[in-house]
Amino acid sequence: MKRTGFLLRSSAGKVILAFCSMVVVAGAVLSVYAVAEQRGPVQRVVQGKVMDSGGAIVKGAVVYLKDDHSLTVKSYFSDDEGGYRFGQLAQNTDYEIWAESNGKKSAVKTISSFDNKNQFFIDLKIGK
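Below, the structure is looked at part by part. Residue indices begin from 1 for each chain and proceed along its sequence in written order. For this predicted model, a pLDDT threshold of at least 70 governs which residues receive local features, and a threshold of 80 or more governs which side-chain atom pairs are given and counted, while totals over whole chains, interfaces and linings are taken from all residues. Where side-chain values are given, they derive from all heavy atoms of the structure, hydrogens and water being excluded.

Pairing of aromatic rings covers Phe, Tyr and Trp, the last counted by its six-membered ring, and requires centre-to-centre distances within 6.5 Å; plane angles under 30 degrees mean stacked, over 60 mean edge-to-face, and any other angle means tilted. Counted under the stated rule, the structure contains three aromatic pairs. On the basis of an interplanar angle of 65° and a centroid distance of 6.1 Å, the ring pair of Tyr76 and Phe86 is categorised as edge-to-face. Highlighted residues: Tyr76 in strand 3 (residues 73-77) and Phe86 in strand 4 (residues 83-89), separated in sequence by 10 residues. When the ring of Tyr84 is compared with that of Phe86, the centres are 6.1 Å apart and the planes differ by 55°; the resulting orientation is tilted. Grouping residues by exposure puts Tyr84 and Phe86 together as buried. Connected via pairs of aromatic rings, a cluster forms that spans Tyr76, Tyr84 and Phe86. Segments assigned H or I by DSSP are reported as helices when at least four residues long, segments assigned E as strands when at least two residues long, and all are numbered from the N terminus. Note on classification: 1.4 Å probe, protein chains only; a residue is buried when its accessible area is under 20% of the maximum for its type, exposed when over 50%, partly exposed between these limits.

In regular strands, side chains alternate between the two faces of the sheet. Two strands pair if DSSP finds at least two bridges between them. With five bridges joining them, strand 1 (residues 44-52) and strand 4 adopt antiparallel strand pairing. Considered in strand 4, the bridge of Arg44 is made with Leu89. Across three bridges, the pairing between strand 1 and strand 9 (residues 124-126) is parallel. The partner of Asp52 across the bridge, within strand 9, is Ile126.

Tracing the backbone shows Leu65 in strand 2 (residues 62-67). By relative accessible area, which is 2% here, Leu65 ends up buried. Apart from the residues within four sequence positions on either side, Leu65 is in contact with Val46, Thr72, Val73, Lys74, Phe86, Leu89, Tyr95, Glu96 and Ile97. Two residues form a contact once any of their heavy atoms are found within 4.5 Å.

By the element assignment, Ser78 lies in the loop between strand 3 and strand 4. Take Ser78: its relative accessible area is 4%, and that puts it in the buried class. Here the side chain of Ser78 touches Gly60 through a polar contact of 3.0 Å, landing on its backbone nitrogen. In contact with Ser78, not counting residues within four places along its chain, are Val50, Val58, Lys59, Gly60, Ala61 and Gly83. Counting of polar contacts relies on pairs of N or O atoms within 3.5 Å, with two restrictions inside protein: one atom must be capable of donating a hydrogen and the other of accepting it, and residues adjacent in sequence are counted only when both atoms are side-chain atoms.

Bringing the nonpolar core into the picture now. Residues belong to one nonpolar core when they are buried, are Ala, Val, Leu, Ile, Met, Phe, Trp, Tyr or Cys, and are joined through side-chain atoms within 4.5 Å. Core analysis: the largest hydrophobic core is formed by 17 residues, its most contacted members being Val46, Val50, Val63, Tyr84, Phe86, Ile97 and Ile122. Elements that contribute at least two residues to this core include exactly strand 1, strand 2, strand 4, strand 5 (95-101) and strand 9. Those residues in contact with Val63, other than ones at most four positions away along the chain, are Val50, Lys74, Ser75, Tyr76, Tyr84, Phe86, Ile97, Trp98, Ala99 and Leu124.

This part is about unusual backbone geometry. Even without glycine at this site, Gln88 takes up a positive phi of about 55°. In this structure, Gln88 sits in strand 4. Given a relative accessible area of 65%, Gln88 falls into the exposed group. The backbone phi angle of Asn102 is positive, close to 50°, even though this residue is not glycine. Note on placement: Asn102 falls in the loop between strand 5 and strand 6 (104-105).

As structure tokens, then:
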């Protein structure tokens, strides 16, 4: 018992205790990282609102999302608040997004694979 107390009060004991603490913390950080890696890649989300040229929301507009890699197009009807949302977008793919309503179309916006964000807020304004 006396040896343990002496060891903890000595400089060498403090160094050993600090080293052991760092090893425990490093192990905890690595285990959290390993668990995060097992979940797989982070998916991206794009959402926003569809508005007319005057800034009023457009309910029921068709929002298109084109995958520039596979050329597939997903669509979504804007909700009562003009909102839309596409989830589970791949990190390494470029996308194009636009909206159409009553024969009018918004400008096409691009989501680049080089943009490292995981969440995009893009409002689409349907022209005259």
